[in-house]
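Survey of secondary and tertiary structure
Here is how the chains run, residue by residue.
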Amino acid sequence: MVTEGDKVLINGKQYTLGARLGGGLEGNIFNVEGFPNHVIKIINDNRMSRMQLNEIYKHLKWLKNLAAQKKIISQYMTVPKALLDDRLGYIMLKAGDHDSLKNYITPPGEPEDFDEWYKADYTFKKRYQIIANMFYALREIHLAGLVFTDLSPNNVMVHKTQNQIVFIDTDNTRRRTDSYLGVLGTPGYMAPEIYRKPDTIFAETNNIDPKILSNCGRITVESDIFSAAIIAFQLLTLQHPFIGDEIEKGTPEDEEGALEIKTDYIFKPDTTNTSSYGLTTKFEEITTPEIRDLFERTFIKGRDYPALRPTDEEFCEAFQNALDRIVECQSCGFSRLYNLNDGNKCINCEENIGTKVSMLIYNYFKDMKADEAINSFGDYPQYDISIDNLRDADGKLPPNYVEVSRIVLEPGDKNSKYLYLHHFEKCTDRSKKFARVTLMDTEDSVKVQILNNVYPNPALIEKKTRKLTPLNKGKIFPIDNYGVFFDTIKFGKGHIQIFCKFIKE
Amino acid sequence: MTITNFIKKEGRALPVFILLDVSGSMKGEKIETVNVALKEMINSFKKIENPKGIIELCLITFGNQTVNVIKPLSQINEEDVYTLFADGSTPMGMAFDKVYEMIEEKEVVSSRSYTPTIVLISDGNPTDFDPTDKSIEEIMQWKSLSRIHSGSRLAKATKLAMGIGSDVDINILRAFINNSEIPVISARDNNTISKFFEWVTMSISVRSVSSNPNQAKLVDTYMFDKDEIQF
């Protein structure tokens, strides 16, 4: 057994193991003496056959080389920087300023500590940022051609202040094209198809490779998305999406079935597996219709048909958009999502949150209709994109403009909102901060500061006269009289203009 | 109505029964080693953070013609400090009967609980049954022993056993475990007693935090020497 103080060799140089940080059946993680930013993982190779050892070694080496080639991977995953010479193990960067995601889904033991826990350290807003970041990071991994494989709260680390995500325990990461027919993952987070075996008899009688039959027993991008959706659901509701009250009160065997995803989604219409635990009773207040739809697609039809699950991008976008609608109750400090059509009662004290100022950002298609604008992007051939897809939040079909984002504003400097690329164009790409918007305490005027001149010539537009005043670096103006206008961008045959208006409803 | 009305889930219990021989032959160093090892085990269990299965411990001793429930099945708390003394005979069958009653009783082990673990530690043969020259099949006929394998919950329970010294019949421990994949641990000296407790502690701790405690495996027996393990 390896212990603190033992020596290991990396590229011929000797290093000393520091304190043991953690580990389990698979292996142990140690500090490295003299290298505070690194840790060494020693894989527990007891009882492994020579072939198994070889396979793991080959896999680690592949992962190390891959990360050296694709820098983006090492941003989101802890990967081997070098392998040990004399043992099965590797050295990697330490996820130091990070906190396990597990802490976010494990409420404190005493109910009276819940308020403080939820409002101070593990806030609603943080949860939304974590989910958006998690799907963003997962998307990057998938785009790099990889499948993470064992996605569970234990394998996700969250930066304590900036909420970025690092996936740890990456030993099981595979190429997307690898056929991998083992049951691999954590019960409760593994997609149901992983437990299913392909129909080998059918394959044999028809002389086909069972690997190509279906997703059965195969770990895919879709199975990663299923795991991530369960984590997201737990972050929001503090409850597992397949464990309703009847399971919670039932035997461990019932629970085992639910963890193998044999039960219904707790919000499936007509199910008996409903839940009253955690924040499930507040589900409507803490999610948007788009988010509820994504969960339904993943957990109802997507439970049995992996191909019907949404993409990483859809999740990322929905959570990113919802972040702009988080409002805090003035009397008790709990947060919810601002509902544009209905009442907005606090989820905790039931106080009415009142009417908020929202900033709406539109793309306006000058000299052409919206569908023509879409079709002109990059001179692609004319795709059949229906204008129905461009309905705005009111359900109206504008002939030539589309709502891109809607940001709920709250007064005061500390509630300033930052605008990024995705607020101006439909996309999930990360960008610098473009502008800062602050609602003044009177709630009848805003301060817009331009931080980065990506769109040329920002200007205020007077509602009645349509007169433009250059915004330059920023201005304070009354929201009843002005909107904000960004100059035209040439796109194909027409122009796209971006304009923002402010509403209070 | 406030959010603090939000219903916190009751965790599921992970019951652990320890059946401990405190007959006269355990006197001296053996029982003292057990006392230290038991204390270390309880301390380790206290430190487990965010368990999925909440460990409930029951301590049953058998010796001196009687069975004592030193700690009824319950969660571990600060008052769990035990100093055991050894004296008298080895009524192992009575201990089996006790654990049988407790596990069968729904009010002691609820249907929500994960499958129990039963740990047997003895340095001699039972005085209420003579296993000499009997095969495992014959030993299994002993009612006290056969009953702890009956019923779905008892049959599924993980059973671990350590025999201390050479006076204890290995077959009776094998019959108690009744699972060819789990070895009997044979203690040559106090060092093995400590290692056995360490093995039990690690295995139960791993189960406690596992996402499915009913499927978690025992930890590897690498800490034992070859002659300490008997399948």
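Residue and element names in this part refer to chain A. Contact pair helix 4 (residues 124–143) / helix 11 (residues 312–323): the axes reach a minimum separation of 8 Å and the direction vectors enclose 155°. On the basis of their axis angle, the class for helix 4 and helix 11 is roughly antiparallel. In this structure, helix 4 meets helix 11 at a crossing whose hand is left-handed. Side by side, helix 4 and helix 11 meet where Tyr-128, Gln-129, Ile-131, Ala-132, Phe-135, Tyr-136, Leu-138, Arg-139 and His-142 of the first sit next to Asp-312, Glu-313, Phe-315, Cys-316, Phe-319, Gln-320, Ala-322 and Leu-323 of the second.

Quick look at the sheet that holds strand 7 (residues 229–230) of chain B now. Residue and element names in this part refer to chain B. With mixed pairing, the seven strands of this open sheet are ordered in space as 3-2-1-4-5-6-7. Of all the strands in the sheet, just strand 3 (66–75) and strand 7 have a single pairing partner and so form its edges. Two strands pair when backbone bridges link them, and strand 2 (residues 53–63) and strand 3 are joined in this way by seven bridges, in the antiparallel orientation. Each bridged residue has a counterpart across the sheet, and for Ile-60 the counterpart in strand 3 is Val-69. This element, helix 2 (residues 92–104), spans strand 1 (12–21), strand 2, strand 3 and strand 4 (117–122) of the sheet and lies at about 150° to strand 2.

For the rest of this paragraph, the subject is the pairing of strand 3 (residues 27–32) of chain A. Residue and element names in this part refer to chain A. Note that strand 2 (residues 13–23) and strand 3 share four bridges and pair antiparallel. What sits directly across from Gly-22, in strand 3, is Ile-29. Where strand 3 hands over to strand 4 (residues 38–43), the hairpin turn is made up of five residues, of which Gly-34 adopts a positive phi near 85°.

The next subject is the nonpolar core. Residue and element names in this part refer to chain A. Membership of the largest hydrophobic core comes to 87 residues, with the highest contact counts inside it found for Ile-131, Met-134, Phe-135, Ala-228 and Phe-319. Both of domain 1 (7–94) and domain 2 (99–323) provide at least three residues apiece to this core. Apart from residues lying up to four places away in sequence, Phe-135 is in contact with Ala-228, Asp-312, Phe-315, Cys-316 and Phe-319.

The next subject is the confidence of the model for chain A. Residue and element names in this part refer to chain A. In this model, chain A carries a mean pLDDT of 84, and residues with pLDDT of at least 70 account for 88%. Averaged pLDDT values over the elements of chain A bottom out at 54 in helix 12 (residues 370–376) and peak at 96 in helix 6 (residues 221–237). Every residue in residues 375–392 is under pLDDT 50, and counting partners more than four places away or in other chains gives 23 contacts.

Turning our attention to the sheet that holds strand 16 (residues 417–419) of chain A. All names here are of chain A. The four strands lie next to each other as 16-17-18-21, forming an open sheet whose pairing is antiparallel. Single-partner strands in this sheet number two, and they are strand 16 and strand 21 (474–478). Going from strand to strand, the sheet's axes swing by 20° on average, the running direction of each strand aside. For strand 18 (residues 445–450) and strand 21, the ladder comprises five bridges, and the chain directions are antiparallel. Considered in strand 21, the bridge of Gln-449 is made with Gly-474.

Counting through the fold element by element, B:Ser111 comes out in the loop between helix 2 and strand 4. Sequence separation between B:Ser111 and B:Gly28 is 83 residues, and the spatial gap between their C-alpha atoms is 40 Å. Those residues in contact with B:Ser111, other than ones at most four positions away along the chain, are A:Thr251 and B:Lys106.

About the cut-offs
Residues numbered from 1 in each chain as written. Chains lettered and ligands numbered in written order. Predicted model: local features only at pLDDT ≥ 70, side-chain atom pairs only at ≥ 80, totals over all residues. Axes fitted to C-alpha atoms, helices over the stretch in contact; angles between N-to-C directions. Helix = DSSP H or I, 4+ residues; strand = E, 2+ residues; numbered from the N terminus. Parallel < 35°, antiparallel > 145°, perpendicular 65-115°, else oblique. Left-handed = near helix turned anticlockwise from the far one by under 90°. Contact = placed C-beta atoms within 7 Å. Pairing = 2+ DSSP bridges. Core = buried A, V, L, I, M, F, W, Y, C linked by C-beta atoms within 7 Å. Buried ≥ 20, exposed ≤ 12 C-beta atoms within 10 Å, placed from the backbone. Domains from an automatic or database assignment. pLDDT = per-residue confidence, 0-100.

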